[in-house]
Amino acid sequence: MLTQIDLSALNLSISQFIQENFLYLHPGYTLFNTIIFGLILGFIVIIIIKMFKLIQKDPKDLFIPLIPFIFFGSSTRALVDNGIYPLSLLLVTPGIYVLTGLATIFTLLGSIYLEKKINYDYRFIIFTVGVIICILPIFSFQSINLIAASYVIGFWALFTGIFALIGRKWELLKEKFNLAVLSAHFFDASSTYVAVDYYGYWEQHVLPNALTNLGGTALVMFPLKIIIIISALYIIDTTIEDKTVKNTLKLSIFILGLAPGLRNFLSLIMGV
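Residues numbered from 1 in each chain as written. Predicted model: local features only at pLDDT ≥ 70, side-chain atom pairs only at ≥ 80, totals over all residues. Heavy atoms only, no water.

> I tried to follow the pattern of salt bridges on my own but got confused; where do I start?
Side chains carrying opposite charge are able to pair once their charged atoms draw close together. What the rule picks out here adds up to nine salt bridges. With its nearest N and O atoms 2.6 Å apart, the salt bridge here joins Arg 77 to Asp 81. Pair noted here: Arg 77 and Asp 81 are both in helix 3 (residues 67-81), with a separation of four residues, about one helical turn. The partner of Asp 237 in a salt bridge is Lys 250, and the shortest N-O contact between them spans 2.6 Å. Note that Asp 237 is positioned in helix 11 (residues 221-239) and Lys 250 in helix 12 (residues 243-269), a separation of 13 residues in sequence. Overall, Asp 237 belongs to the partly exposed group, its relative accessible area being 27%. When salt bridges with common partners are traced through the structure, they connect Arg 77, Asp 81 and Arg 263 into a single cluster. (Salt bridge = Lys/Arg side-chain N within 4 Å of Asp/Glu carboxyl O. Helix = DSSP H or I, 4+ residues; strand = E, 2+ residues; numbered from the N terminus. Buried < 20%, exposed > 50% of the residue type's maximum accessible area, 1.4 Å probe, protein only.)

Written as structure tokens, this is what we have:
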């Protein structure tokens with residue numbers, strides 16, 4: 001709970017004030033943190049939309065080039081979970097994702113500049129830089145639980161396959177970007193389900209944790225993802241005409257599924 005603010009303690013520094021009076025700002029997920037992170041995310045998305053309009057690039061073209069950067073942020077967080085990297089505000093949520101986001105934006109802008117200078121596709125430059133920064137985290141991995149990895153990949157492939165088949169008849173999922181967004185969230189759901197139900201982990205996020213406790217199983221993550229993500233995609237496709245706004249929102253949802261999914265998956269298979 002929040003501690004009572006002593007208005008007479010005017011000599012407290014800003015950092016002390018935050019530390020002593022707003023404990024919800026500590027690393028972890030609470031209702032307070034979730035709301036704050038959501039507001040910050042919304043503000044960042046607005047800025048990114050303006051950036052894409054300025055550079056005149058389609059966010060849809062970046063969902064594959066950005067995967068290494070997502071892997072970097074998630075793997076770094078997982079290595080902290082395993083005690084391989086030190087616990088630091090820069091290496092946990094939201095610090096690691098702010099750091100990764102800034103690196104991604106600077107790489108994007110730099111790659112566009114290089115594209116004009118050397119006539120080389122900016123997407124390949126972004127992907128290459130992303131792969132390079134992933135080298136250190138990859139070599140920091142220790143033991144790998146292949147059984148846990150196979151469970152997660154199996155459930156992910158099952159649900160993605162089912163909705164890929166549905167997408168042959170359903171216009172919403174015929175769009176490959178939409179299917180990729182949904183698939184990213186199936187990966188998150190699969191990693192959460194296997195970790196919680198098979199390996200004794202617990203869900204940190206507020207709503208999924210409440211539903212998991214209510215249902216007695218993290219299997220609830222799948223219908224939750226299906227309802228929320230498909231609804232979001234439908235609303236975006238039917239109400240937003242601006243291509244940049246539409247695809248930036250989809251790219252954001254894609255990242256919000258893949259980033260925690262990879263973090264959970266890597267933490268699990270490294271045996272925390």
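> Explanation requested: the environment of Gly 130 in the structure shown.
Inspection of the secondary structure assignment puts Gly 130 in helix 5 (residues 122-133). Its relative accessible area of 0% is what places Gly 130 among the buried residues. For the pair Gly 130 and Pro 68, spaced 62 residues apart in sequence, the C-alpha separation works out to 4.8 Å. For Gly 130, the contacting residues outside a window of four places in its chain are Pro 68 and Phe 69. (Contact = heavy atoms within 4.5 Å.)

> Looking at this model, I keep getting lost on the packing of helix 9 (residues 176-199) against helix 12. Mind explaining?
Two packed helices can be described by the angle between their axes and the distance between those axes. For the pair helix 9 and helix 12, interaxial distance at closest approach is 8 Å and the crossing angle is 25°. One finds that helix 9 runs roughly parallel with respect to helix 12. Relative to helix 12, helix 9 is oriented so that their crossing is left-handed. Here the residues of the contact of helix 9 with helix 12 are counted per class, giving 17 nonpolar, eight polar and two charged. (Axes fitted to C-alpha atoms, helices over the stretch in contact; angles between N-to-C directions. Parallel < 35°, antiparallel > 145°, perpendicular 65-115°, else oblique. Left-handed = near helix turned anticlockwise from the far one by under 90°. Nonpolar A, V, L, I, M, F, W, Y, C, P; charged D, E, K, R; others polar.)

> Explanation requested: the side chain of Thr 100 in the structure shown.
Secondary-structure assignment places Thr 100 in helix 4 (residues 95-118). According to the relative accessible area criterion, Thr 100 is buried, its value standing at 7%. Discounting chain neighbours no more than four positions away, the residues touching Thr 100 are Phe 69, Phe 72 and Gly 73.

> Sorry if this is basic, but what is going on with the packing of helix 3 against helix 5 here?
Contact geometry for helix 3 and helix 5: axes closest at 7 Å, N-to-C directions at 25°. By the angle between their directions, the pair helix 3 and helix 5 is classed as roughly parallel. The handedness of the crossing between helix 3 and helix 5 is left-handed. Along the contact surface, helix 3 presents Pro 68, Phe 69 and Phe 72, while helix 5 presents Ile 126, Phe 127, Val 129, Gly 130, Val 131 and Ile 133. Grouping the amino acids of the contact of helix 3 with helix 5 by side-chain chemistry returns eight nonpolar, one polar and no charged.

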